[in-house]
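Examination of the molecular architecture
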Amino acid sequence: MKSVVIAKPGEMIVEDRPLPEPAAGEVRVKVNYASICGSDVHIWHGHNPFARYPRVIGHEFFGVIDATGEGVDASRTGERVAVDPVVSCGHCYPCSVGRPNVCRELQVIGVHRDGGFSEYAVVPASNAYVLPQSIPDKLASLVEPFTIAANICAFLKPQPNDVALIFGAGPMGLTAIQALKGVFNVRKVIVADRLPERLQMALENGADVVLDNSEIPLAAQLEGEQPTLIIDAACHPSILSEAVALASPAARIGLLGFSGEPCTVTQQSLTSKELSLFTSRLNSHRFPEVISWMEQQKIQPEKLVTHYLPLSDIEAAMTLFEKDPRSCCKVILTFS
């Protein structure tokens, strides 16, 4: 089988590998579609602190179960599944309180263990979620990115009377827009970005107001309006302090991603407004929730997709995703 392997930072190859056999409790998935995430690019370049090499990357993927391991009902063969990349131990403190995404022994498919940029992948059977026929194959790999929005929203608890501000109109920002508008019916969603093409994407995904913050500070453009809910989907170190300054008293702020650079926030700036600060990593069993969103058409994943390319064009696909944010959003790899 063909697999995309990051042999070491900076070295990506398409390698012929033997067909894997599922171990006890696992299933083998014949991958049909997989979508590229920024973390895949980071692993390629050696910028993901959690990756181990060599690694088959890819954590957003969809396919059909074609083999089952010991202890897995053989009737699961033939199921159409989206794969949750979060593999947890099930017994540590985070797992016991419903936070498997920060399990003490966390493994992420495509980061710590081999992923879905491969013609076949073996995964825990419990991580393979059956999809209804109403979700088309070509969009099914996008369940995973929407779970990131679902996870932060579970902390922030959006309300219809919220005024939301999202920093960043990349894929994560766009999924957050769709969730806030389509699922939680938030009254007003404002999106800030520095690329006009990204701001246009934000409008197409449901934003009510878009602001270019490349030259004019957001404080001047908001004209005194104070967001009650803020999501940082850009993760630049300077954003948190700006979010705190812009936020309404009693607002909630959610952080996606993790910059390693320090930022400066005073206790006074947080406690004087009694702000709530939430962080979110991956997802904690949000696949059923997002599958329901898709089935009910509360979100439109097709609005994220700009390109489909074959697995054989992986380097071109990764480069396009990384280098062309003006015209490229989600790139989906196809498997023939």
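We now turn to the structure provided with this report. (Residues numbered from 1 in each chain as written. Predicted model: local features only at pLDDT ≥ 70, side-chain atom pairs only at ≥ 80, totals over all residues. Heavy atoms only, no water.)

1. Examining the sheet that holds strand 1 (residues 2-8)
- What the 3 strands build is an open sheet, ordered 2-1-4; its pairing is antiparallel. Single-partner strands in this sheet number two, and they are strand 2 (11-16) and strand 4 (55-56).
- Inspection of the sheet shows strand 1 paired to strand 2 by 6 bridges, in the antiparallel sense. Looking across to strand 2, one finds that Val 5 is bridged to Ile 13. (Pairing = 2+ DSSP bridges. Helix = DSSP H or I, 4+ residues; strand = E, 2+ residues; numbered from the N terminus.)

2. A closer look at the layout of surface pockets
- In this structure, the largest pocket spans a volume of roughly 1700 Å³.
- At the level of secondary structure, the elements contributing two or more residues to the lining of the largest pocket comprise helix 1 (38-45), helix 3 (143-156), helix 4 (171-183), strand 12 (188-193), helix 7 (239-246) and helix 10 (314-323).
- Per-element tally for the lining of the largest pocket: the top contributor is helix 1, with 5 residues.
- Residues that form the lining of the largest pocket fall into these classes: 24 nonpolar, 16 polar and 9 charged.
- Of the voids in this model, the second largest pocket is the one considered here, and its volume is about 210 Å³.
- For the second largest pocket, the lining is made up of 15 residues, of which Asp 232, Leu 255, Gly 257, Phe 258 and Ser 259 are closest to its centre.
- Secondary structure elements with two or more residues in the lining of the second largest pocket: strand 15 (252-256) and strand 16 (276-280).
- Partitioned by chemical class, the residues of the lining of the second largest pocket number 7 nonpolar, 5 polar and 3 charged. (1 Å grid on protein atoms, 1.4 Å probe; cavity = no way out; pocket = protein on both sides within 12 Å on 5 of 7 lines; lining within 4 Å. Points joined across faces, edges and corners; volume = space filled by probe spheres on them. Nonpolar A, V, L, I, M, F, W, Y, C, P; charged D, E, K, R; others polar.)

3. Some details on the pairing of strand 18 (residues 330-334)
- Counting buried residues in strand 18 gives 4 out of 5 residues, a clear majority hidden from the surface.
- Here strand 3 (residues 26-35) runs beside strand 18; their pairing, made up of 3 bridges, is antiparallel. Among the inter-strand pairings, Ala 34 is bridged to a residue of strand 18, identified as Leu 333.
- Examined bridge by bridge, strand 17 (residues 305-310) and strand 18 share 5 bridges and lie parallel to one another. (Buried < 20%, exposed > 50% of the residue type's maximum accessible area, 1.4 Å probe, protein only.)

4. Observations regarding the sheet that holds strand 15
- Strand order in this open sheet of 6 strands is 13-12-11-14-15-16, and the pairing throughout is parallel. Because the sheet does not close on itself, it has two edges, and the strands there are strand 13 (209-212) and strand 16. With strand direction ignored, the average angle separating the axes of adjacent strands in the sheet is 15°.
- Two elements, strand 11 (residues 163-167) and strand 12, share 5 bridges in a ladder whose sense is parallel. Paired with Ala 164 across the bridge in strand 12 is Val 189. (Axes fitted to C-alpha atoms, helices over the stretch in contact; angles between N-to-C directions.)

5. Focus on the packing of aromatic side chains
- Under the definition given, this model contains 4 aromatic pairs.
- Look at Tyr 33 and Tyr 308: their rings are 6.4 Å apart centre to centre, the planes differ by 80°, and that puts the pair in the edge-to-face class. Placement of Tyr 33 in strand 3 and of Tyr 308 in strand 17 is noted, with a sequence separation of 275 residues between them.
- You can call Tyr 308 partly exposed: its relative accessible area is 34%.
- Note on Phe 155 and Phe 278: the rings are 5.8 Å apart at their centroids and 20° apart in plane angle, and the pair reads as stacked. Here Phe 155, found in helix 3, pairs with Phe 278, found in strand 16; they are 123 residues apart in sequence, far enough to count as distant.
- Exposure remark for Phe 278: the relative accessible area of 23% places this residue in the partly exposed category. (Phe/Tyr/Trp six-rings, centres within 6.5 Å; stacked < 30°, edge-to-face > 60°.)

6. Quick word on helix 4
- Counted at 1.5 Å a residue, the expected span for helix 4 with its 13 residues is 18 Å, and the 17 Å between its end C-alpha atoms agrees.
- Across the 13 residues that make up helix 4, a large majority, 10, are buried.
- All of the buried residues along helix 4 are Pro 171, Gly 173, Leu 174, Thr 175, Ala 176, Ile 177, Gln 178, Ala 179, Leu 180 and Val 183.
- One or two positions beyond helix 4, positive phi appears at Asn 185, with a value near 55°. (Expected span 1.5 Å × (residues − 1).)

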